Amino acid sequence: QVQLLESGGGEAQPGGSLTLSCAATGDISTTNIMAWYRQAPGKQRELVAHVFGGGTPKYGEPVKGRFTVSGDNGKKTLALQMNNLKPEDTAVYFCYSFSSGTSRATWGQGIQVTVSS
């Protein structure tokens, strides 16, 4: 079983930056996808960025050019650097992982990011 521990987040002003971190623990040997999703009030959960194995990250359109993910594929960590934040980035951000060995997806508990002046 995989557990995801998220940290970071909080509040920022428009144009500011925040960093989120996610670390997977437990049976991570077959975890091959890690991602960040977000869900704003009244909206569906949407993809922020995902990484398959140690490959090139893929980003959702709203965050391209502003957000960057980085991590350690061996340790199953994934950080989300958020720059030039906008009020519409306000949401609960969730770390996600998928294990090909168990065909099981795991979600983190979610972490609040608020962007306001």
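The structure we're discussing is the one just above.
Reading the values: rules and limits
Residues numbered from 1 in each chain as written. Predicted model: local features only at pLDDT ≥ 70, side-chain atom pairs only at ≥ 80, totals over all residues. Heavy atoms only, no water. Pairing = 2+ DSSP bridges. Helix = DSSP H or I, 4+ residues; strand = E, 2+ residues; numbered from the N terminus. Buried < 20%, exposed > 50% of the residue type's maximum accessible area, 1.4 Å probe, protein only. Contact = heavy atoms within 4.5 Å. Disulfide = S-S within 2.5 Å. Axes fitted to C-alpha atoms, helices over the stretch in contact; angles between N-to-C directions. Lys, Arg positive; Asp, Glu negative; His and termini not counted. Salt bridge = Lys/Arg side-chain N within 4 Å of Asp/Glu carboxyl O. Polar contact = N/O pair within 3.5 Å; in protein donor to acceptor, adjacent residues only side chain to side chain.

Colleague: Where do I start with the pairing of strand E4 (residues 31-39) in this structure?
Modeller: One face of the sheet, then the other: side chains in a regular strand alternate in exactly this way. By the bridge criterion, 8 bridges tie E4 to strand E9 (residues 91-99) in an arrangement that is antiparallel. From the neighbouring strand, Thr31 faces E9, where its bridge partner is Ser99. For E4 and strand E5 (residues 46-52), the ladder comprises 6 bridges, and the chain directions are antiparallel. Along E5, the bridge assignment pairs Met34 with Val51. The antiparallel hairpin formed by E4 and E5 contains 6 residues in its connecting segment, where Gly42 sits at a positive phi of about 75°.

Colleague: Whenever I open this one, the environment of Ser70 confuses me. Can you help?
Modeller: Mapped onto the secondary structure, Ser70 falls in strand E7 (residues 67-72). Taking relative accessible area as the criterion, Ser70 reaches 45% and is therefore assigned partly exposed. Spatially, the C-alpha atoms of Ser70 and Gly55 are 11 Å apart, while their sequence positions differ by 15 residues. If sequence neighbours within four positions are ignored, Ser70 has contacts with Thr77, Leu78 and Ala79.

Colleague: Which parts of the structure should I look at to understand the state of the cysteines?
Modeller: Covalent bonding between the sulfur atoms of two cysteines defines a disulfide. Enumeration over the complete set of coordinates arrives at 1 disulfide. Disulfide pairing places Cys22 opposite Cys95 at an S-S distance of 2.0 Å. Residues Cys22 and Cys95 are joined by a disulfide whose S-S torsion is about -85°; by sign, that bridge is left-handed. Taken together, the positions of Cys22 in strand E3 (residues 18-26) and Cys95 in strand E9 put the pair 73 residues apart, joining distant regions of the chain. Judged on exposure class, the residue Cys22 and its partner Cys95 are both buried.

Colleague: When you look at the environment of Val113 in this model, what are you seeing that I'm missing?
Modeller: For Val113, the position within the fold is in strand E11 (residues 111-115). The class for Val113 is buried, based on a relative accessible area of 0%. Once residues within four sequence positions are removed from consideration, Val113 is found in contact with Gly9, Gly10, Leu18, Leu20, Met82, Asp89, Thr90, Ala91 and Tyr93.

Colleague: Please clarify how the sheet that holds strand E8 (residues 77-82) should be interpreted in this entry.
Modeller: Pairing between sheet strands relies on hydrogen bonds along the backbone, with the strands arranged either parallel or antiparallel. One open sheet holds the 4 strands; their spatial order is E1-E3-E8-E7, and the pairing between them is antiparallel. Because the sheet does not close on itself, it has two edges, and the strands there are strand E1 (2-8) and E7. Each adjacent strand pair in this sheet contributes to an overall mean axis angle of 15°, direction not counted. When E3 meets E8, the two strands line up antiparallel, connected through 6 bridges.

Colleague: Honestly, unusual backbone geometry in this entry has me stumped. Any pointers?
Modeller: Generally, phi is negative for residues other than glycine and the peptide bonds are trans, each holding for most cases. Positive phi, close to 60°, is recorded for Lys76, a residue that is not glycine. The topology assignment puts Lys76 in the loop between E7 and E8.

Colleague: Explanation requested: the side chain of Glu6 in the structure shown.
Modeller: Structurally, Glu6 is set in strand E1. Buried and unpaired, Glu6 has no salt bridge, with Arg45 as the nearest side chain of opposite charge at 8.2 Å. Engagement of the side chain of Glu6 in a polar contact is seen with the backbone nitrogen of Gly110, the distance being 2.7 Å. Among all residues touching Glu6, those that are not within four sequence positions of it are Ser21, Cys22, Trp36, Tyr93, Phe94, Cys95, Gly108, Gln109, Gly110 and Ile111.

Honestly, that's just the spatial picture; any functional story needs more than this.
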